[in-house]
Amino acid sequence: MNSQAMAMLYDEHEVILQEMQALRQFLETGNLAEGRDELARFFDFFRTYADKYHHQKEEDLLFSLLKDRHAGLTNIVEALETHHELFRDYLKDAEAALHQQNWESARSTLQRYLSDLTDHISAENDELFIAVDEGLSEAEKERLYFSFLDKDAELGVDLKKQYENVFL
């Protein structure tokens, strides 16, 4: 059974995966030149929900805990942190390509983003989160969960719920 902390991260992944599917469909059928408003909505979601609410929670709380107390997970944690930086770069690069009206570059950058983010989520779900639930004490998992709640409160619970309600 998943701890409340890992369940929260799994649930956030589900919301992110649903938005990723919507972006995939848009990239396959949408006209990037005419879809600026829709693209702006996607960029907002991935920067705010996926990065600020989810990735920052992982980086600031989960990853720092694991690096401090569970040295065996340091390599995977560092790789996942590198992915987060890459995802931020993908979004910047795609947005720059859109501003330059380089539609194919923007499309291919966003497709790489989606592909790499899919692999990243799989690694976290199938490896890291399981290792966390097996390796942390009950007290550590409980503290982590309440730290996650505090992080959401700091960023704004109502805004987070607005992003999530699109898919509930």
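To keep things clear, this report deals only with the structure shown in the data block. (Residues numbered from 1 in each chain as written. Predicted model: local features only at pLDDT ≥ 70, side-chain atom pairs only at ≥ 80, totals over all residues. Heavy atoms only, no water.)

### Here's the deal with the pattern of salt bridges
The tally for this structure, following the rule as stated, stands at 18 salt bridges. Among the ionic pairs, Arg88 bridges to Glu59, the shortest N-O distance being 2.8 Å. In this pair, Arg88 is assigned in helix H3 (residues 74-99) and Glu59 in helix H2 (residues 36-69), connecting sequence segments 29 residues apart. The two residues Arg88 and Glu59 agree in class, both being buried. What you see here is one network of salt bridges that share partners, running through Glu12, Lys57, Asp152, Lys160 and Glu164. (Salt bridge = Lys/Arg side-chain N within 4 Å of Asp/Glu carboxyl O. Helix = DSSP H or I, 4+ residues; strand = E, 2+ residues; numbered from the N terminus. Buried < 20%, exposed > 50% of the residue type's maximum accessible area, 1.4 Å probe, protein only.)

### Considering the packing of aromatic side chains
Within this structure, the stated rule accounts for eleven aromatic pairs. Plain terms: the ring middles of Phe45 and Tyr49 are 5.3 Å apart, the flat faces sit at 20° to each other, and that makes the pair stacked. Of the two residues, Phe45 and Tyr49 are both situated in helix H2; the distance of four residues between them amounts to about one turn of the helix. Tyr49 matches Phe45 in its accessibility class, with the two residues each being buried. (Phe/Tyr/Trp six-rings, centres within 6.5 Å; stacked < 30°, edge-to-face > 60°.)

These results come straight from atomic positions and should not be treated as a statement about function.
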